[in-house]
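# Chain and residue survey
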Amino acid sequence: MSLPQSQAGLQPKPRFYYGWIIVLLTFATLLVSAGIRSLPSILLVPFQNEFHWSRGSISSVISMGILLYGLVGPFSASMLLRFGVRKVVISSLALLAVSLAATPFIHALWQFNLLWGLVSGLATGMMANVLGVTVSNMWFVKRKGLVIGLLTASAATGQLLFLPLFAKMTADFGWRYAIFTAIAGVLLVLAAVAIWMRNHPYDVGAAAYGSSEIVKPTAFTGSLLLTPLRNLRLAMKNSTFWLLAGTFFFCGFSTNGLIGTHLIAACGDHGMVEVAAASLLAMMGLFDLFGTTISGWLSDHFDSRKLLFWYYGLRGLSLLFLPYALTATPAMLVVFSVFYGLDWIATVPPTAKLAGETFGKEKSGMIFGWIVVAHQLGASTAAYGAGVMRDWFGSYSQAFVIAGFVCFFAALMALRIRRSPAATIQAV
């Protein structure tokens with residue numbers, strides 16, 4: 001229900017804020033999207049066995065999907081502003097369902113590349129971190145960091161819920177049944193979004209949380225393709241953008257590109273069954289749900305630069321510990337999963353907050369989308385590179401050690417970010 005322009009202004013605060021329903025729907029959307037994006041880590045070994053594709057070839061498809069998942073982000077931000085969250089999310093979920101429905105019939109590597117490198121990458125990219133940042137900016141003035149942390153944590157929760165289920169179904173019934181389960185999850189969320197999602201607080205006659213004034217959203221008048229590119233050009237003139245993008249490159253390199261893609265296969269190299277290895281990733285997801293949500297709260301109260309320094313430094317230590325954990329007792333892998341899981345994507349809330357402080361509310365979503373592109377470039381590099389190194393050396397240890405040291409470098413980069421926010425970029 002839209003509020004007439006004449007009624008805009010100060011309104012009494014309702015007992016229940018509809019924005020929390022939007023947060024729940026966005027959480028569910030990001031959760032399912034992340035669960036689908038984690039599915040290739042389950043498919044890697046079954047595809048190698050069934051189709052006789054090399055691990056490097058399969059990794060190249062996963063790498064392409066990860067890259068497009070990030071690359072579409074800035075353009076997703078402009079589409080969310082132009083068409084509204086509801087239409088964009090419904091279209092993306094429908095496209096993802098089509099991609100999943102066609103997957104059981106593939107028999108050639110190019111088909112896997114088309115469905116999971118291109119279509120799935122584009123569809124899930126429209127429902128990536130940019131969606132969470134856009135929703136939080138529209139619906140919240142206060143508690144924004146907490147909301148970003150919660151929505152970011154949904155990626156880890158997606159693995160928590162879906163990876164063990166997918167792994168168990170793959171082991172017991174075959175990978176195609178895991179795909180059918182994923183389709184059901186996508187359709188369920190699509191129905192909920194179609195019924196209850198709204199684009200802006202103004203649509204339900206409410207103000208943003210923490211504000212008492214109902215404001216009609218500003219119409220997006222720029223070009224869907226050119227506006228993100230213009231904002232990228234402006235952002236590139238700011239050193240903070242390069243530091244945030246650089247640290248996020250190493251973030252992607254050390255998380256979903258490496259651990260998210262290859263940990264299950266690495267555990268398999270050391271004799272651990274796929275279901276048990278998937279449970280380790282699920283455990284990481286459980287602890288990251290807490291870690292990233294708490295990180296959102298911390299970013300509302302402490303220096304985000306220092307938070308990033310500690311997050312990257314501790315992650316580097318955990319990755320250097322991983323090769324030892326893989327050859328030691330299972331208890332050591334549990335220790336790694338807990339320690340690494342708390343820090344998995346805890347970097348997102350302080351990074352998003354620094355982007356918002358530097359570039360302003362109107363442009364922060366789009367520019368953060370470009371920062372996420374850097375994240376996915378790093379993830380894509382690690383997803384492909386680690387697979388190739390495994391083919392060369394017969395082990396993932398070298399890739400884990402390299403990732404550990406680049407995290408230390410990212411920690412030092414975080415301290416180079418300006419203490420006081422730069423001037424806000426003017427609207428394009």
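Residues numbered from 1 in each chain as written. Predicted model: local features only at pLDDT ≥ 70, side-chain atom pairs only at ≥ 80, totals over all residues. Heavy atoms only, no water.

### Examining the pattern of salt bridges
Inspection of every chain in the model, using the stated rule, returns four salt bridges. A salt bridge links Arg-176 to Glu-50; the shortest N-O distance between them is 3.0 Å. Taken together, the residues span a long stretch of sequence, with Arg-176 in helix α8 (residues 175-196) and Glu-50 in helix α1 (residues 19-51) at a distance of 126 residues. On the basis of relative accessible area, Arg-176 is assigned to the partly exposed category, the value being 28%. A salt bridge links Asp-172 to Lys-168; its shortest N-O distance comes to 3.2 Å. (Salt bridge = Lys/Arg side-chain N within 4 Å of Asp/Glu carboxyl O. Helix = DSSP H or I, 4+ residues; strand = E, 2+ residues; numbered from the N terminus. Buried < 20%, exposed > 50% of the residue type's maximum accessible area, 1.4 Å probe, protein only.)

### Things to note about a nonpolar patch on the surface
Where nonpolar side chains cluster on the molecular surface, the patch consists of Met-64, Trp-110, Leu-114, Leu-118 and Leu-122 and spans about 450 Å² of accessible area. Element by element, the count of residues in the nonpolar patch is highest for helix α5 (residues 109-125), at four residues. (Patch = residues over 30% accessible without salt bridge, like charges linked within 9 Å, V, L, I, M, F, W, Y side chains within 5 Å. Areas by Shrake-Rupley, 256 points an atom, 1.4 Å probe, with all protein chains shown as cover.)

### Let's talk about the packing of aromatic side chains
Following the criterion strictly, the structure yields 28 aromatic pairs and no others. Ring plane angle 40° and centroid distance 5.6 Å describe the contact between Phe-140 and Tyr-209, whose orientation is recorded as tilted. With a gap of 69 residues between them, Phe-140 in the loop between α6 (129-139) and α7 (144-173) and Tyr-209 in the loop between α8 and α9 (226-235) connect regions that are remote in the sequence. Under the relative-accessibility criterion, Phe-140 is labelled buried at 0%. Judged by its relative accessible area of 14%, Tyr-209 is buried. Grouping aromatic residues by their ring pairs yields a cluster made of Tyr-17, Tyr-18, Trp-20, Trp-139, Phe-140 and Tyr-209. (Phe/Tyr/Trp six-rings, centres within 6.5 Å; stacked < 30°, edge-to-face > 60°.)

### Examining empty space enclosed by the protein
Inspection of every chain in the model, using the stated rule, returns four cavities of 30 Å³ or more. By volume, the second largest cavity amounts to about 50 Å³. Leu-30, Ser-33, Ala-34, Tyr-69, Met-127, Ala-128, Asn-129, Leu-151, Thr-152, Ser-154 and Ala-155 are the residues that line the second largest cavity. Contributions of two or more residues to the lining of the second largest cavity are made by α1 and α7. Tallying contributions element by element places α7 first for the lining of the second largest cavity, with four residues. Among the residues forming the lining of the second largest cavity, the class breakdown is seven nonpolar, four polar and no charged. (1 Å grid on protein atoms, 1.4 Å probe; cavity = no way out; pocket = protein on both sides within 12 Å on 5 of 7 lines; lining within 4 Å. Points joined across faces, edges and corners; volume = space filled by probe spheres on them. Nonpolar A, V, L, I, M, F, W, Y, C, P; charged D, E, K, R; others polar.)

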